[in-house]
Amino acid sequence: MTEHIQQRPFDLLNKVLGKQVLVRLKSNLNIRGRITSFDAHMNIVMEEAEELDGGETKAKLGTILLRGGNIIFVSPA
Amino acid sequence: MTEHIQQRPFDLLNKVLGKQVLVRLKSNLNIRGRITSFDAHMNIVMEEAEELDGGETKAKLGTILLRGGNIIFVSPA
Amino acid sequence: MTEHIQQRPFDLLNKVLGKQVLVRLKSNLNIRGRITSFDAHMNIVMEEAEELDGGETKAKLGTILLRGGNIIFVSPA
Amino acid sequence: MTEHIQQRPFDLLNKVLGKQVLVRLKSNLNIRGRITSFDAHMNIVMEEAEELDGGETKAKLGTILLRGGNIIFVSPA
Amino acid sequence: MTEHIQQRPFDLLNKVLGKQVLVRLKSNLNIRGRITSFDAHMNIVMEEAEELDGGETKAKLGTILLRGGNIIFVSPA
Amino acid sequence: MTEHIQQRPFDLLNKVLGKQVLVRLKSNLNIRGRITSFDAHMNIVMEEAEELDGGETKAKLGTILLRGGNIIFVSPA
Amino acid sequence: MTEHIQQRPFDLLNKVLGKQVLVRLKSNLNIRGRITSFDAHMNIVMEEAEELDGGETKAKLGTILLRGGNIIFVSPA
């Protein structure tokens, strides 16, 4: 166990607030955007969000409120 | 972290009350309409709601009460 | 925000009690009937309920108790 | 709002106790039988239950305890 | 309402403890065996359990602990 | 009701701690291994776990922590 | 019951903190990486995470926060 070990998983979301993240959803949807808020259910607001298809922008979504229940993972982009 | 960062995800819904939003649902359904109320489960009432298919109006739904559990994301339209 | 904005989503169900509503369910089922009661889980009793297929009556169901968990949306018909 | 409006959805189950009901389940299963008990999760015991296929008896099930979570609707038969 | 009406659905499980039951599961699985215990989540232990296919024994499972969440119905066999 | 009747379903897991069990999961996955711990959600740690395909070893998994929510049944192997 | 028997399933995650694990997810996704935190919902942060396809690296994901609800099992890699 090193200094890289974080206290709790949600600390990662705190660390990336205001930065770009990639979110993979259950329905095979990938969304990239800037995370500006989240809550304990992993509901997330993203700005300048884009739906991706094979790394390419498929649709510009703007600001969105994502329900946490559909998320598979969130990753700093 | 900038002045754009909101306190909690549901603040976005408060901000758009009375305005048009686009809601994407699990069953590949897209609905656009004016949000007039919501609760902590993300249950949402929309007026002048329309079901969309590829950006086109597929069906006029009028006023609807959407169950939050089926929502993937809500976006100001 | 106008005078149309309701306090809570379930207020819509209160307003239409005793009137016709259309309910869309997850399993691609559309049911129309007169709503006579509901609870906090969105369980709903409808009278003179009919299963619809493309707007046409597919089957007469009479009085039914619908489980809220399968509902996508409820709309005044 | 008329005298037909019930207090709560589960009152319908109370009213039909001991009588025939039709239950539609998520897995496209229709079961008809006499309801003899239920609880707050909509778990239901039916006697002389039959699985139906297009209105015809497909299988005689006898007495069954149905889990509420799979129910789409219950209707007095 | 007759003397057949039971107090609560789980009373049926109490009545058949130690006897053969048939359990239908969500994943189109039918299991027959002797129920020896259950809890409030409908988790069930069965002994001499068999997986059935069209009424025939497909596989002998011996003693199993079934998760209640997958059960559609339980019936005295 | 005989001496075979157990108090609660989870007693079966206690009885087989340290022994081989077969676990069937929702995604049509069968895993065999030695159960070394479990909790009230039926989360299970197995050692020397193997994924099975038609009774044959398909992949050696070693030690795994299985989420209870995906389990259909657990059986002493 | 031997000295190998652990107190609770989550002890396994504590034991492998900072080390490589393999996570199998419901949507047939396999992810390998170094686990650096987890919580009671099995939400997990992994670093240097990779999506695998038949044992081969399909995509480098970097640091990810995985939602526990999608996990089938976690295994020390």
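Worth saying up front: this structure is predicted, and the values here are computed from it rather than measured.

**Student:** For the interface of chain G and chain A, give the residues involved together with the corresponding values.
**Tutor:** Between chain G and chain A, the residue contacts involve 24 residues of the former and 22 residues of the latter. Between chain G and chain A, the buried area comes to about 1800 Å², and carbon and sulfur atoms account for 61% of it. Broken down residue by residue, the surface that chain G buries against chain A is led by L65(G), R67(G) and N70(G), which jointly contribute 35%. Where chain G packs against chain A, one counts 1 salt bridge. A salt bridge links E51(G) to R24(A); the shortest N-O distance between them is 3.0 Å. At the junction of chain G with chain A, the criterion picks out 8 residue pairs in polar contact (both at pLDDT 80 or more). Elements with a minimum of two residues in the side of chain G that touches chain A: β2 (29-38), β3 (44-53) and β4 (56-66) of chain G. At 6 residues, β2(G) tops the list of elements feeding residues into the side of chain G that touches chain A. A class-by-class count of the residues in the side of chain G that touches chain A yields 11 nonpolar, 8 polar and 5 charged. When strand β5 (residues 71-76) of chain A meets β4(G), the two strands line up antiparallel, connected through 2 bridges. Following the sheet pairing, V74(A) is matched in β4(G) by L65(G).

**Student:** Residue-level account of the pattern of salt bridges, with values.
**Tutor:** In this structure the tally under the stated criterion is 49 salt bridges over all chains. When the shortest N-O distance is used, the salt bridge between D11(B) and R8(B) registers 3.5 Å. Residue D11(B) is classed as partly exposed on the basis of its relative accessible area, which comes to 22%. When salt bridges that share partners are traced, they join R24(A), E51(G) and K58(G) into one network.

**Student:** Before we move on, can you summarise the interface of chain G and chain F with the specific residues and values?
**Tutor:** Contacts between the two partners involve 23 residues from chain G and, on the opposite side, 24 residues from chain F. Counting the surface lost from both chain G and chain F, the interface buries some 1800 Å², and carbon and sulfur atoms represent 61% of this. If you sort the residues of chain G by the area they bury against chain F, P9(G), I72(G) and F73(G) come out on top, with a joint share of 31%. Scanning the region where chain G abuts chain F turns up 1 salt bridge. On inspection of chain G and its partner chain F, the count reaches 8 residue pairs in polar contact (both at pLDDT 80 or more). Among the elements of the structure, α1 (11-16) and β5 (71-76) of chain G are those that each provide at least two residues to the side of chain G that touches chain F.

**Student:** Mind laying out the side chain of R24(B), listing which residues take part and the relevant values?
**Tutor:** Here R24(B) is to be found in strand β1 (residues 20-25). In terms of polar contacts, R24(B) uses its side chain to reach the side chain of E51(A), at 3.0 Å. In contact with R24(B), not counting residues within four places along its chain, are L29(A), E51(A), L61(A), L29(B), N30(B), N70(B), I71(B), I72(B) and F73(B).

**Student:** Please give an account of the side chain of R34(E) that cites residues and values.
**Tutor:** Residues and elements named next belong to chain E. In this structure, R34 sits in strand β2 (residues 29-38). For R34, a relative accessible area of 16% gives the class buried. At 3.3 Å, the side chain of R34 forms a polar contact with the side chain of E48.

**Student:** An account of the arrangement of the chains is requested, with residue identities and associated values reported.
**Tutor:** Separating chain B from chain F is a minimum C-alpha gap of 19 Å, and the two share no contact. The closest approach of any C-alpha atom in chain C to one in chain F is 19 Å; the two make no contact.

So, how was this worked out
- Residues numbered from 1 in each chain as written.
- Chains lettered and ligands numbered in written order.
- Predicted model: local features only at pLDDT ≥ 70, side-chain atom pairs only at ≥ 80, totals over all residues.
- Heavy atoms only, no water.
- Contact = heavy atoms within 4.5 Å.
- Buried area = accessible area lost by both parts, 1.4 Å probe.
- Salt bridge = Lys/Arg side-chain N within 4 Å of Asp/Glu carboxyl O.
- Polar contact = N/O pair within 3.5 Å; in protein donor to acceptor, adjacent residues only side chain to side chain.
- Helix = DSSP H or I, 4+ residues; strand = E, 2+ residues; numbered from the N terminus.
- Nonpolar A, V, L, I, M, F, W, Y, C, P; charged D, E, K, R; others polar.
- Pairing = 2+ DSSP bridges.
- Buried < 20%, exposed > 50% of the residue type's maximum accessible area, 1.4 Å probe, protein only.

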